[in-house]
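In case you want the letters, here they are:
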Amino acid sequence: MASRLIQRFPLLRQYATQRFLPVGPVCTAGKGQPSCVACLYASAGGCIRTRGCGLRTLTTTVNEPSFIASSSVGLHKDSAPRFRLTQLHRPAAEEEQAFRQHLVACSSSRQVIALLPPGGVMSDTMAAAALHRVADLEQGSCSLKDPTVLEKDAIKALCFQLERDSVRLTDAGLVSALLACTRLFLDPRSPLMVRLTSESRERLDVGRMSVGQLCTLGRALMAMEGPGCVLLEQVVEQIQRQKLAQWSLADLTAAYAFMQGYVGERRKHGDLLSAMHSHAATVTFHMDPPAVSQLLGALVTLNQTQAMPLVIKLCKQAVRHVPHFKDEELAVVLRALMHFGHSDHYFVEAMERYVPTKAFTARPETVTEVMQFFGRRNILSRAVFDAVAESFVYRADDYTTSQVAAQIVAFGKLGYLPPNASEVFGKVETILRSRFSHFQPRTLLNLLHSCTLVERFPVNFVSKVFSSYFLQQLEEQETGMDRIVLSQLTQLYMTMKLECPFYEGPRLHSKYCVKSFLVYGRLVETPVDAQLYNSVRSGLVDLLGGCSYFASKVLTPYYYSLDVEIKLDEGGYVLPASNTDVYKRIALCIDGQKRFTTNTRQLLGKEAIKQRHLRLLGYEVVQIPYFEFERLQNRTGLVEYLHQKIFPHTYRLSW
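Calculation notes
Note on numbering: residues in each chain are counted from 1, in written sequence order. The model is predicted, so local features are restricted to residues of pLDDT at least 70 and side-chain atom pairs to those at 80 or more, both for listing and for counting; the totals for chains, interfaces and linings are taken over all residues. Hydrogens and water are ignored here; the side-chain numbers use all heavy atoms of the structure. Note on conventions: DSSP H or I runs of at least 4 residues are helices, E runs of at least 2 residues are strands, and numbering of each starts at the N terminus. Each residue is assigned to one of three classes by its accessible area relative to the maximum for its type, calculated with a 1.4 Å probe on protein chains only: buried under 20%, partly exposed between the two thresholds, exposed over 50%. Throughout, a contact is declared for two residues whenever any of their heavy atoms are within 4.5 Å. Only the protein chains shown count as cover for residues, and all accessible areas are computed by the Shrake-Rupley method using a 1.4 Å probe. We call a set of buried residues a nonpolar core when its members are Ala, Val, Leu, Ile, Met, Phe, Trp, Tyr or Cys and they connect through side-chain atoms within 4.5 Å of each other. In this description, a line fitted to the C-alpha atoms serves as the axis of each element, helices being fitted only across the stretch in contact, and the angle between N-to-C directions of two axes falls anywhere from 0 to 180 degrees. Crossing handedness is read from the near helix: turned anticlockwise from the far helix by less than a right angle, it gives a left-handed crossing, and turned clockwise, a right-handed one. Three classes are used, and their members are as follows: Ala, Val, Leu, Ile, Met, Phe, Trp, Tyr, Cys and Pro are nonpolar, Asp, Glu, Lys and Arg are charged, and the others, Gly among them, are polar. Only the six-membered ring of Trp is used, alongside the rings of Phe and Tyr, when aromatic pairs are assigned; centres must lie within 6.5 Å, and planes under 30 degrees apart are stacked while those over 60 apart are edge-to-face, with the rest tilted. The rule for a charge over a ring is simple: NZ of Lys or CZ of Arg within 6 Å of the ring centre, and within 35 degrees of the ring normal. Expected helix span is computed as 1.5 Å times (number of residues minus one). On a range of 0 to 100, pLDDT expresses the predictor's confidence in each residue. Note on definitions: salt bridges are taken to be side-chain nitrogens of Lys or Arg within 4 Å of carboxyl oxygens of Asp or Glu. For classification purposes, an angle smaller than 35 degrees is called roughly parallel, one larger than 145 roughly antiparallel, one from 65 to 115 roughly perpendicular, and anything else oblique. Should DSSP find at least two bridges between two strands, the strands are taken to pair.

S.K.: Outline the overall build of the protein, supporting the account with residue identities and numerical values.
M.R.: A tally of helices and strands in the protein yields 29 helices and 9 strands. Out of the 655 residues belonging to the protein, those deemed buried represent 53%. Sequence separation of at least 24 residues holds for 70% of the intrachain contacts in the protein that already meet a minimum separation of 6. For the protein, the accessible surface area stands at approximately 30,800 Å², while carbon and sulfur atoms represent 51% of it.

S.K.: Lay out the nonpolar core in plain terms, naming residues and giving numbers.
M.R.: If you look at the biggest cluster of nonpolar residues, it comprises 169 residues, and the most contacted ones within it are Phe258, Phe347, Phe385 and Phe466. Counting residues per element, this core draws most heavily on helix H6 (residues 124-138), at 9 residues. In this structure, Phe258 is in contact with Cys215, Gly218, Arg219, Met222, Leu232, Val235, Val236 and Ile239, ignoring residues within four places of it in sequence. Tyr533, Phe550, Leu588 and Val639 belong to the second largest nonpolar core, which has 27 residues in total.

S.K.: Provide a residue-level description of unusual backbone geometry, including the pertinent values.
M.R.: Phi at Lys553 is positive, roughly 50°, even though this residue is not glycine. Here Lys553 lies in strand S5 (residues 551-555). On the accessibility criterion, Lys553 (57% relative accessible area) is exposed. Positive phi, close to 80°, is recorded for Tyr559, a residue that is not glycine.

S.K.: Break down the packing of helix H17 (residues 345-358) against helix H18 (residues 364-376) for me, with residues and values.
M.R.: Between two packed helices, the angle of one axis relative to the other and the distance separating the axes together describe the packing. The interhelical angle for the contact between H17 and H18, taken along N-to-C directions, is 145°, at an axis separation of 13 Å. When you trace H17 past H18, the crossing you get is left-handed. From H17, Phe347, Val348, Met351 and Val355 reach across to H18, where they touch Val370, Phe373 and Phe374. Taken together, the residues of the contact of H17 with H18 sort by class into 7 nonpolar, no polar and no charged.

S.K.: Lay out the packing of aromatic side chains in plain terms, naming residues and giving numbers.
M.R.: One pass over the structure, following the stated rule, counts 15 aromatic pairs. Between Phe466 and Tyr493 the ring centres are 5.6 Å apart and the planes differ by 80°, which places this aromatic pair in the edge-to-face class. Highlighted residues: Phe466 in the loop between helix H23 (459-465) and helix H24 (468-476) and Tyr493 in helix H25 (residues 483-499), separated in sequence by 27 residues. Both residues of the pair, Phe466 and Tyr493, belong to the buried class. Summarising the aromatic geometry, the rings of Phe517 and Tyr559 are spaced 5.8 Å apart at their centres and angled 70° between planes, so their arrangement reads as edge-to-face. With a gap of 42 residues between them, Phe517 in the loop between H25 and helix H26 (530-544) and Tyr559 in the loop between S5 and strand S6 (561-568) connect regions that are remote in the sequence. Through a chain of ring-to-ring contacts, the aromatic side chains of Phe347, Phe373, Phe374, Phe385, Phe411 and Tyr416 assemble into a single cluster. When the ring centre of Phe436 is taken as origin, the NZ or CZ atom of Lys464, which lies over that ring, is 4.6 Å away. Over the aromatic face of Tyr533 sits the side chain of Lys553, whose NZ or CZ is 5.1 Å from the ring centroid.

S.K.: I'd like a description of helix H16 (residues 327-340), backed by residues and values.
M.R.: Its 14 residues place the ends of H16 20 Å apart at the C-alpha level, agreeing with the 20 Å of an ideal helix rising 1.5 Å per residue. Burial analysis of H16 places 10 of its 14 residues in the buried class, which makes it a mostly covered element. When H16 is considered as a whole, its buried residues turn out to be Asp327, Glu329, Leu330, Ala331, Val333, Leu334, Ala336, Leu337, Met338 and Phe340. Looking at the packing, one finds that the buried side of H16 touches helix H14 (289-302), helix H15 (308-321), H17 and H18.

S.K.: Account for H25, naming residues and giving values.
M.R.: Taking 1.5 Å per residue as the helical rise, H25 with its 17 residues ought to reach 24 Å, and the 23 Å between its terminal C-alpha atoms agrees with that figure. A large share of H25 lies buried, amounting to 13 of its 17 residues.

S.K.: Tell me about the confidence of the model for the protein, residues and numbers included.
M.R.: Across the protein, pLDDT averages 84, with 84% of residues at or above 70. Between residues 1-57, whose pLDDT stays under 50, and residues either more than four places distant or in other chains, the model counts 105 contacts. In the model, residues 62-81 has pLDDT below 50 throughout and makes 54 contacts with residues more than four positions away in sequence or in other chains.

S.K.: Residue-level account of the pattern of salt bridges, with values.
M.R.: With the rule as written, the count across this model stands at 22 salt bridges. Residue Glu369 pairs with Arg335 through a salt bridge whose shortest N-O separation is 3.0 Å. A residue pair is termed long-range when its members are at least 10 positions apart, and Glu369 in helix H18 and Arg335 in helix H16 qualify at 34 residues. Under the relative-accessibility criterion, Glu369 is labelled buried at 11%. We classify Arg335 as partly exposed; its relative accessible area is 41%. Among the ionic pairs, Arg363 bridges to Glu365, the shortest N-O distance being 4.0 Å.

S.K.: With reference to specific residues and values, describe the packing of H26 against helix H29 (residues 635-646).
M.R.: Interhelical geometry of H26 versus H29 gives an angle of 80° and a closest axis separation of 9 Å. Classed by the angle they form, the pair H26 and H29 counts as roughly perpendicular. When H26 is examined against H29, the residues Ser535, Val536, Ser538, Gly539, Leu540, Asp542 and Leu543 are found in contact with a partner set consisting of Arg635, Leu638, Val639, Leu642, His643 and Ile646. A per-class count over the contact of H26 with H29 returns 7 nonpolar, 4 polar and 2 charged.

S.K.: Which residues make up the pairing of strand S8 (residues 584-591), and what are the values?
M.R.: With 6 of its 8 residues buried, S8 lies for the most part within the structure. Pairing of S6 with S8, which is carried by 5 bridges, proceeds in the antiparallel orientation. Bridge pairing links Leu568 to Lys584 in S8. Here 6 bridges tie S8 to strand S9 (residues 620-625), and the two strands are oriented parallel to one another. For Asp591, the partnering residue across the bridge sits in S9 and is Pro625.

Here it is in structure tokens:
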């Protein structure tokens, strides 16, 4: 077959001179005799015919719960040559960098294949990078989105060449190719995987791999055998022998990527992690957007709460990169800051400049993460919220139900209504009508409850929430009827009875009603600030003449807790707290910093609805915010302040 091909295509003769040093058995064709096409195809200098070729297959696998073959493609020994992996005449670094940049720009596997050098000559690291990009585009949760991508001639030829040249690959190309194959879900028992794995183990024993190469190999071994792979300890030992001061930034990010998968929750190698954290803190100012995102993501996975100094430095570096983060990178950064409970006002300012320019074009997942970040950190940014609200009206149809709910929950939690509130909540109502059955029960409850926090009452849908069918669905979820769900149901029902008197839907069964919002967590009520309460209490004693004239931390019949309650008779005189014949009740809301957004003096949504409900229940609500209290200079000023707040129209007597 080879002879016939060369006779038929004379141009093949010009490739008869070997470009690479022979490795292993070489073709015995004599001088002047036509070279073996199979040897040219292998580009390894060795004749495959002397070792036998046969049919080679690439087998993809479904990675749960074990490797199961799902499709195969074949390469015959007489296939036309497509690629040659050169080591002696490697492309220049600039060429490789340009190739990688073109790969990143590819949005489909077809584009990646078209990008492969038409001459067929490339370095092993370029070949591995191409496979990695295919994996980026095609990798699903446990299998390829399109397994037929491995049937493309270019992919088959590339993998076949890696198999044949495994002993000639550089360390970087070898381990990168192995990792790429695992990401493509190739069967570990396939000839390609067996050769790459065997060669990697041999080189690991030699002990000359760099930190980055060791980490890449470690990730590949974990993908094939899991964290229990015995070779992983050998990989970690060799990493520990390397001097941290000599690690490059690429080595550091690779080490974090490896450790987050290997260490996991086993809490192993704490000393190595601590050393890595210390070193990383000294080089954060050199980190680019991907590095900042990768390190923060790894710290979350490893749950390194003791590494807050590093988190803070990474956050400061993230401020510089906010306009340059990719959507997925920014989402990782935001999740990390939420996880560690950290925010920086410079970072918030950078987000306020960036988000309004991207609200209409960023991925829905990223916009949702932005709103969750501001919501969980209690940061009210009108610039961000207004921009997201405007984009929500036009983009909500493309959002998932959980994304819709997450964005509205942020508005409700911070008690903020954007300028286009009518359009936003009109869109929410439209989505509820068209996709009501698509909402998960817990997600729907969060959405409806958040609407009521900002005085938007979805009466038409609340009646369905109180139905026995929906309540049963809530009970059947993993979390079941926990205290948060019960508190939300109770407050939602109270809202319908107090603020929507025309509501005629089903009642909430008493077994789903809580006895106290405060006892059932902080979702509906925030406990009073102890220091602020004690200061106010001492002032009330001076003002009223004793502590018997007011009650503290009173549980009302309506599930809310009062910080302080004062009772009056018909003449406006203060009654002892034990008196039951009461004409008027005053509820003092001693609002500390935690009851407001962190950067403004706006009450959180849960505190605003509580005060609305107390007024509707007949209480006179007197708010004592921390920022007014902090201006008081002395005890006399405190008493005068309380008198003006509680009894603004009466003359104060001196006791």
